[in-house]
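# A closer look at the structure
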Amino acid sequence: MTRTLGVGVLGMGWMGQLHSASYQRLKYHYPDVNVEPRLVIAADPDEGRQQMAVDRLGFAESTANWKDVLSHPDVDVVSITTPNFLHREMAVATAEAGKPFWAEKPLGRYPSDVADVGEAVEQAGVITMVGFNYRYAPALQRARELIAEGALGEITHYRSTFIADYSSHPDGVLTWRFSFEQAGLGILGDLMSHAADMALYVLGPIERLTAQRAVFIPTRPKSSGDAESHFARAAEDAEHAPVENEDYVSALLHFAGGARGTIETSRVVVGPHVRYVVEAHGTEGAVAWNFERMNELRLYERRNQDAGYRTVYAEPGHGDFAHFQPAQGIGMSFDDLKVMEAHQFVSSVVSGEQLPGGVPDAVAMMQVISAMERSCESGVWEDVGEITPSMRMSVEGVA
Ligand code: NAD
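Residues numbered from 1 in each chain as written. Predicted model: local features only at pLDDT ≥ 70, side-chain atom pairs only at ≥ 80, totals over all residues. Heavy atoms only, no water.

### As for the environment of F59
Cut-off, in case you're wondering: Per the convention used, a helix needs a DSSP run of H or I reaching at least four residues, while a strand needs a run of E reaching at least two, with both numbered from the N terminus. Type-normalised accessible area, obtained with a 1.4 Å probe on protein chains alone, sets the label of each residue: buried when under 20%, exposed when over 50%, and partly exposed for intermediate values. Should any heavy atoms of two residues lie within 4.5 Å, those residues are considered in contact.
Mapped onto the elements of the fold, F59 is located in the loop between α2 (47-55) and β3 (61-63). Given the relative accessible area of 2%, F59 is considered buried. When the C-alpha atoms of F59 and G8 are compared, they prove to be 8.8 Å apart, with 51 residues separating the residues in sequence. F59 has contacts with V7, V9, M12, S20, L39, V40, I41, A42, A53 and V54, leaving out every residue within four places of it along the chain.

Laid out in structure tokens, this is it:
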């Protein structure tokens, strides 16, 4: 029997719209899930976005006050897709209200916020999912499977780059993302939260690391106060204010399994738009995946060494590819990854079993990021494990 699932969404920007659309696409891609999501209520202080939620996305109602969503009797699950400074308060309140939630990364401004969310979720025993969408790329799933099966031998090298140009223009508006109060961490909370999660997902625990950071664009034009996306640009004569968190972080990693690795993240690189590379090399082979060519995996097998790397196209049998496309060579998109994530969430809710990708994994990811923060300050290797309080960084000190 099909069960109706009442959905409430907090924050109707890019991610709020994508979560809403993903719930609606579930029935089409995963008919076996036997759930009929119903968009009940959307919250956003921006009136235009409230209206859009009803008119375009099909919500029954909307509100400026997110607490209306938690108290709504028809809301069974909640999506939290607001700016980072609201994640902790909203996630803790949703857990306390006993409602399962699907929240965007990084799940707080600082690692300590995420630790608080972890405690609240554990106490309430609610099912959760976090926006680690890149995990679900079928070609990446195939790479992970090859590593787990031992097809590449013992993994010795891991290398990841997540570099983007979304803030590379000096006229890019000083949105909430650049504010210590509103975003907390900069690229560490943004792209590094994906990249650190991926390193753990693909190769397992990281024992220790060392990291460095930089601010390459130290001031930006102030925001107009309207709901602006992080791609928004200001007029050249707009008044500037300081960027309060890091643009760039890179780290050296020592995995518990013995592999050594590197991760580099940036929001201000010029050239690549969204280059997200994950590469692993074992004693018998290697894999390389790049989000720019999401549906391809580059595979090298030592036994075929004269053939070099070959391209394996995502196909039915790789992750959930078959739920989206019938055959190799037909591409999937970023938005499809979010439908997979919605499915992971809703399947967890229906079964009552917490599947991978939830708040416990976000806490593990934040332990890595907390160690990166400490290392950026101390300049030396730091052990991963403990989440320590974040410090406001000195912008002058790091550029
Ligand atoms: P956005 O600025 O497009 O949208 C945020 C929305 O939240 C805006 O509409 C804003 O008006 C609304 N909002 C602000 N205060 C609110 C409140 N008190 N109650 C309800 N709504 C409120 O931002 P975005 O790009 O959608 O990012 C949102 C979150 O998603 C961030 O945490 C970001 O890190 C994450 N994100 C994840 C991915 C991914 O790939 N998983 C991609 C982009 C963003």
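### Here we look at the side chain of H343
Tracing the sequence through the fold places H343 in helix α8 (residues 334-351). Every residue in contact with H343, bar those within four places of it in the chain, is listed here: L26, Y30, V33 and D320.

### As for the site of the ligand
Filter applied, for reference: For this description, a residue counts as near a given molecule or strand if any of its non-hydrogen atoms is within 4 Å of it. Counted as a polar contact is a pair of N or O atoms within 3.5 Å, where, for protein atoms, one must be capable of donating a hydrogen and the other of accepting one, and residues adjacent in sequence contribute only when both atoms are in side chains. For the accessible areas, the method is Shrake-Rupley and the probe is 1.4 Å, while residue cover comes only from the protein chains on display. Classification convention: Asp, Glu, Lys, Arg as charged; Ala, Val, Leu, Ile, Met, Phe, Trp, Tyr, Cys, Pro as nonpolar; all other residues, Gly among them, as polar.
Near the ligand, the surroundings consist of 26 residues, among which D44, R49, N84, H87 and N133 are the closest. For the ligand, an oxygen atom lies 2.7 Å from a polar atom in the side chain of R49. T82 places a main-chain nitrogen or oxygen 3.4 Å from an oxygen atom of the ligand. For the ligand, whose unbound accessible area comes to 850 Å², protein coverage reaches 90%. For the shell around the ligand, the secondary structure elements donating two or more residues are α1 (14-29), α4 (87-96) and α8. Its residues placed into classes, the shell around the ligand shows 11 nonpolar, 9 polar and 6 charged.

### Describing the pattern of salt bridges
The criterion, for reference: One speaks of a salt bridge when a side-chain nitrogen belonging to Lys or Arg is within 4 Å of a carboxyl oxygen belonging to Asp or Glu.
In the structure shown here, the tally under the stated rule is 21 salt bridges. Where D190 meets R177, a salt bridge forms, and the shortest distance between an N and an O atom there is 3.6 Å. Within this pair, whereas D190 is found in the loop between β7 (155-164) and α7 (191-203), its partner R177 is found in the loop between β7 and α7, the two being separated by 13 residues in sequence. Among the residues examined, D190 registers a relative accessible area of 10% and is labelled buried. Classification of R177 as buried rests on a relative accessible area of 17%. As a salt-bridge pair, R267 and D247 come within 2.8 Å of each other at their nearest N and O atoms.

### Some thoughts on the pairing of strand β12 (residues 260-266)
Selection rule: If DSSP finds at least two bridges between two strands, the strands pair.
Pairing analysis gives 7 bridges linking β7 to β12, with the strands arranged parallel. Bridge pairing in β12 places F162 opposite T265. Inspection of the sheet shows strand β11 (residues 248-255) paired to β12 by 7 bridges, in the antiparallel sense. In the sheet register, S250 faces β12, and the bridge partner there is E264. Linkage of β11 to β12, two consecutive antiparallel strands, is achieved through a turn of 4 residues, within which G258 is found at a positive phi near 105°.

### A word on the packing of helix α6 (residues 138-149) against α7
Rules: Axis geometry follows a simple rule: fit a line to the C-alpha atoms, using only the stretch in contact for helices, then measure angles between N-to-C directions, giving values from 0 to 180 degrees. Relative orientations are named as follows: roughly parallel for angles under 35 degrees, roughly antiparallel for angles over 145 degrees, roughly perpendicular for angles from 65 to 115 degrees, and oblique for any other angle.
Between α6 and α7, the least distance of the axes is 9 Å, while the angle of their chain directions is 40°. With respect to α7, the element α6 is oriented oblique. Residues L140, Q141, R144 and I147 of α6 pack against M198, Y201, V202 and L203 of α7.

### Thoughts on α1
The condition is simple: Multiplying 1.5 Å by the residue count of a helix minus one yields the expected span of that helix. Throughout, bend refers to the angle between the axes fitted to the seven residues that end at a position and the seven residues that start at it.
End to end, α1 covers 22 Å across 16 residues, agreeing with the expected 22 Å (1.5 Å per residue, within 8%). The largest bend in α1 is about 30°, located at Y23. Of all the positions in α1, only M15, G16, L18, H19, S20, S22, Y23, L26 and H29 are classed as buried. Summarising the contacts, the buried residues of α1 are in contact with β1 (3-10), β2 (35-43), β4 (77-80), β5 (101-103) and α8.

### So, the packing of α7 against helix α9 (residues 359-378)
As a reminder, the rule being used: By the definition used in this description, the sense in which the near helix is turned from the far one sets the handedness, with an anticlockwise turn below a right angle giving left-handed and a clockwise turn giving right-handed.
Packing of α7 against α9 leaves a shortest axis separation of 9 Å and a crossing angle of 110°. One element, α7, and the other, α9, form an angle in the roughly perpendicular class. Judged by the sense of rotation from one axis to the other, the crossing of α7 with α9 is right-handed. Between α7 and α9, the contacting residues are M192, S193, A196, D197 and L200 on the first element and D361, A364, M365, V368, I369 and M372 on the second.

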